[in-house]
Amino acid sequence: MARDLARMLAPRNIAVVGGGTWCASIIDAARRIGFDGTIVPVHPDGKEIAGLRAVPSLADCPVSIDAAFVGVNRHATIDIVSELSQLGSGGAVCFASGFTEATTEDANGASLQAQLVAAAGDMPVLGPNCYGFVNALDRTAVWPDQHGMQPVDRGVAILTQSSNIAINMTMQQRALPIAYMVTCGNMAQTRQAEIAAALLDDPRVTAIGLHIEGFGNLRDWEALAQKAHERGVPLVALKVGKSGQAQRATISHTASLAGSDAGAQALLDRLGIARVNAVPDFMETLKLLHCVGPLVSNRIASISCSGGEASLIADMATERDVIFPPLTATQQKDLKSALGPMVALANPLDYHTYIWLDQITMAQAWSAMTGSDVGLTLSIVDYPHTNADDWTCATEAAIAVRSDTGAPFAVVASLPELMPLAVAEHLMAHGIVPMSGLAEALAAAEAASRISAPDATPVLMPGSAMADSVLTEAGAKAALKVHGLAVPGFRTVHSTDGLVGAAEDLCPPFALKGVGLAHKSEHGAVRLGLTPHQLKQAAQEIGTDSFLIEEMVTDGVAELLVGVTRDEAHGYVLTLGAGGILTELLRDTVSLLLPVSEAQIAKALTQLKCKPLLTGYRGRPAADMGAILRAVLAVQDYVVANADTVGEVEINPLICTPTRAVAVDALIRKAKT
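What you see is a predicted model, and the numbers here were worked out from it, not measured in a lab. (Residues numbered from 1 in each chain as written. Predicted model: local features only at pLDDT ≥ 70, side-chain atom pairs only at ≥ 80, totals over all residues. Heavy atoms only, no water.)

### Things to note about the pairing of strand β15 (residues 300-304)
Consecutive side chains of a regular strand alternate in pointing toward one face of the sheet and then the other. Along β15, 5 of the 5 residues are buried, which leaves the element largely enclosed by surrounding structure. Alternating positions in β15 separate into two faces, Ile300, Ser302 and Ser304 on one and Ala301 and Ile303 on the other, with burial throughout. Pairing of β15 with strand β17 (residues 376-380), which is carried by 4 bridges, proceeds in the parallel orientation. Across the sheet, Ile300 pairs through a bridge with Leu376, a residue of β17. Relative to strand β16 (residues 349-350), β15 runs parallel, the two sharing 2 bridges. Paired with Ser304 across the strands is Asp350, a residue of β16. (Buried < 20%, exposed > 50% of the residue type's maximum accessible area, 1.4 Å probe, protein only. Helix = DSSP H or I, 4+ residues; strand = E, 2+ residues; numbered from the N terminus. Pairing = 2+ DSSP bridges.)

Here's what the structure looks like:
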């Protein structure tokens, strides 16, 4: 159910329930942002809080309550929320902790959170364990601490699952206009995606940043991504959970399931949401999106008056998915006209210092570095904190470039502290992105170029059955063959005496595998290249009771890993990568969420480092790409048909030949049926 959050997020009347320092801070925070509505403290003693006389109960409030801050203990919070709901209040921020985030220490936490949700009914609730929000557009705040936000007419919205990170972000001095800062806490009732979707209804919001620990209901995120795309509002995520430590901290903090990071990245890619990994990158990306929106490509240009800076940014860009395209003939002509014959023309460009202070020529040269095939042009300028009078020419040249070309343009300080706030605000007022730090600028350019339309096909959701059994290799191959996967001819034999007879219908050379061992190769239970006469001796050396004999694939040009794992937080994660002995050595993989199309599989394969092996490396034959695509789709078909029970499918290796793609080893883990 989509709740109406508009009344709570832009209240005219705020009730503050409780009497502690936190409640006094709520009143102070609202005043600091310029709130001119009514604030009513609520305390049974009727005492004075931050200069305002409290009423003894919610029923005594002289005005209807649009938003309430509930600053009492967790048990009393439930009763207060119930009363607010019965009074028809617009919403509540629940500050108390000790709910699901404390379940490992207190078994009552989950039960109390369920009671809180029931007490709220249809009334929106932020939290519990939540700091609330600041709305700089409508000059209102329900926020129990300091904040650094200032009133703005338009800007970005930020939603975080960490109140402390939210406080720090409000204190930024990067000229980023923050319209909303909303903390989500435990998200007992109102989820992060639901809040973000509500903020999309405000046309003054230019971009939305999401600090995410766990996703929760994926259907909410799919709806958010689609709505954001339709409204033309880009989304960027600061998603934590790559490390084991971060995943454990996430679960303890929000009581949500973080899931695998590969699954999280695949989900964000599917939703068209850009991802960054650090707070400064997050802030600079939001600034870039606010000023110019998503970039049309990852092709960028850089200009500086120093060869050192040109070399530095070129080297730094090798760590990012951005490209410095060579200069076009038109660009070279225009640059030569501005700079003369003494400057070596290249991208990144060192335009030298002799045109410094010549604002017109600077603008002419800088304009030449823009173009329809350039997503963003960066001009590196560090403003000294001593006397920056001679740097005014750079600011005005940038303004002229933006005015004359309309192209996305950024002025970048190589050190964040060398982008003065006043200069940044002046640049931003003219549509120029003032960026703090070369690394941050490159991260932002990469992220802004990755924003795309979401996949309209819903993610395949796994069933609830626990995968607790593993099929034999023969059983796995037989099950996958039904769905169109090519497998070698094989037979299962339960004694050494039957090996030669079983092999009569198969074509040598043979592979012989001992049945019943989890890691056959590590136990020496795999023999390759056998003739019929070698089978019995090989079986005796392996020493198992049963054997799998199969035809070998001898014309392979590449080996791939095709795996699907059930990720409770994100759905089914398809992993494609270098297979065989290269799997662990190269760690060359790309992940997608099911379902996938043939085109998506083909694109993913182009991202692998082993791609040259598939396309014909050094004169070797190319693999049959059609056969590879059919093999992956066959695995997907099996998973879709068994989504209620399957936990894992792995083909390693899928041997790719010029005419086919054959699964020579297969594993399926699923629930017993």
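### A short note on the confidence of the model for the protein chain
Confidence in the prediction of the protein chain, expressed as mean pLDDT, is 92, and 95% of residues score 70 or more. Low pLDDT (under 50) marks residues 248-258, which in the prediction has 30 contacts with non-local residues, meaning those over four places away or in another chain. (pLDDT = per-residue confidence, 0-100. Contact = heavy atoms within 4.5 Å.)

### What about unusual backbone geometry?
A cis geometry characterises the amide bond from Leu594 onward to Pro595, with omega recorded as 0°. Cis geometry is adopted by the peptide bond preceding Pro653, which originates at Asn652 and carries an omega value of 10°. The phi dihedral of Ala175 is positive, around 70°, even though this residue is not glycine. With respect to the helices, strands and loops of the structure, Ala175 is situated in the loop between α5 (163-170) and β11 (178-183). The exposure class of Ala175 is buried, given its relative accessible area of 12%. Positive phi values are uncommon outside glycine, yet Met187 reaches one of about 55°.

### A look at helix α19 (residues 535-542)
Inspection of α19 places Leu535, Ala538, Ala539 and Ile542 among the buried residues, and these make up the whole buried set. Taken around the axis of α19, the buried residues stretch over an arc of 100°, which confines them to a single face. Taken together, the buried residues of α19 touch α18 (499-502), β22 (510-514), β23 (526-530) and β24 (547-551). Phi turns positive, to about 85°, at Gly543, one or two residues after α19. (Arc of directions from axis to C-beta.)

### Some thoughts on the environment of Arg402
With respect to the helices and strands, Arg402 occurs in helix α14 (residues 392-405). For Arg402, a relative accessible area of 18% gives the class buried. Considered as a pair, Arg402 and Ala68 are 334 residues apart in the sequence and their alpha carbons are 45 Å apart. For Arg402, the contacting residues outside a window of four places in its chain are Cys291, Val292, Ala407, Pro408, His430, Gly431 and Ile432.

### Remarks on the sheet that holds β17
Strand order in the open sheet formed by 5 strands is β16-β15-β17-β18-β19, with parallel pairing between adjacent strands. Whereas interior strands pair on both sides, the edge strands pair on one side only; in this sheet they are β16 and β19 (433-436). Two elements, strand β18 (residues 409-413) and β19, share 4 bridges in a ladder whose sense is parallel. When the sheet's bridge partners are listed, Ala413 is paired in β19 with Ser436.

### Considering the packing of aromatic side chains
The tally for this structure, following the rule as stated, stands at 9 aromatic pairs. When the centroid spacing of 5.9 Å and the interplanar angle of 50° are considered together, the rings of Phe95 and Tyr131 count as tilted. Here the residue Phe95 occupies a position in the loop between β6 (92-94) and α4 (108-120), and Tyr131 occupies one in the loop between β7 (125-126) and β8 (133-135), the gap between them amounting to 36 residues. Judged by its relative accessible area of 14%, Tyr131 falls in the buried class. Each member of the aromatic cluster is reached from another via a ring pair, and the members are Trp22, Phe69, Phe95, Tyr131 and Trp143. (Phe/Tyr/Trp six-rings, centres within 6.5 Å; stacked < 30°, edge-to-face > 60°.)

### Thoughts on the sheet that holds β22
A sheet is described by the order of its strands in space; here 4 strands give the open sequence β21-β24-β22-β23, paired in antiparallel fashion. Since the sheet does not close on itself, it has two edges, and those belong to β21 (490-493) and β23, each with one partner. Ignoring which end each strand starts from, the neighbouring axes of this sheet average 20° apart. Note: β22 against β24, 5 bridges, orientation antiparallel. Looking at β24, one finds that Lys513 is bridged to Leu548. (Axes fitted to C-alpha atoms, helices over the stretch in contact; angles between N-to-C directions.)

### Observations regarding empty space enclosed by the protein
What the rule picks out here adds up to 1 cavity of 30 Å³ or more. Here the largest cavity defines a volume of roughly 50 Å³. If you go around the largest cavity, the residues you meet are Ala301, Pro325, Pro326, Leu327, Thr328, Gln331, Asn347, Met369, Asp373 and Val374. For the lining of the largest cavity, the residue count by class is 6 nonpolar, 3 polar and 1 charged. (1 Å grid on protein atoms, 1.4 Å probe; cavity = no way out; pocket = protein on both sides within 12 Å on 5 of 7 lines; lining within 4 Å. Points joined across faces, edges and corners; volume = space filled by probe spheres on them. Nonpolar A, V, L, I, M, F, W, Y, C, P; charged D, E, K, R; others polar.)

### A short note on the pattern of salt bridges
Taken as a whole and judged by the stated rule, the model has 27 salt bridges. A salt bridge links Arg3 to Glu194, with the shortest nitrogen-to-oxygen separation between them at 3.2 Å. Here Glu194 lies in helix α6 (residues 192-199) and Arg3 lies in the segment before α1 (6-9), a separation of 191 residues in the sequence. Among the salt bridges present, the one from Asp321 reaches Arg450, with a minimum N-O distance of 3.4 Å. (Salt bridge = Lys/Arg side-chain N within 4 Å of Asp/Glu carboxyl O.)

### A word on helix α3 (residues 74-86)
Along its 13 residues, α3 runs 19 Å from first to last C-alpha, staying within 8% of the 18 Å computed at 1.5 Å per residue. Here α3 has its buried residues at Arg74, Thr77, Ile78, Ile80, Val81 and Leu84. Residues of α3 that are buried sit in contact with β1 (13-17), β5 (67-70), β6, α4 and β7. Just past α3, the residue Gly88 takes up positive phi, approximately 75°. (Expected span 1.5 Å × (residues − 1).)

### Here's the deal with the state of the cysteines
Considering all chains together, one arrives at 0 disulfides under this definition. Cys23 forms no disulfide, and the closest cysteine sulfur to it belongs to Cys94, at a distance of 12 Å. Look at Cys23 and you get buried, because its relative accessible area is 1%. (Disulfide = S-S within 2.5 Å.)

### Focus: the environment of Leu286
Within the secondary structure, Leu286 sits in helix α10 (residues 279-292). Setting aside anything within four residues of it in sequence, one finds Leu286 in contact with Val156, Ile158, Leu176, Ala207, Ile208, Gly209 and Val236.

### With respect to the pairing of β11
In terms of residue burial, β11 counts as a mostly covered element, since 6 of its 6 residues are buried. Across 3 bridges, the pairing between β8 and β11 is antiparallel. The residue of β11 that forms the bridge with Asn135 is Tyr180. As for the winding sense of the linkage, the β-α-β connection from strand β10 (residues 155-160) through α5 to β11 is right-handed. (Right-handed = clockwise from strand over helix to strand, strands pointing away.)

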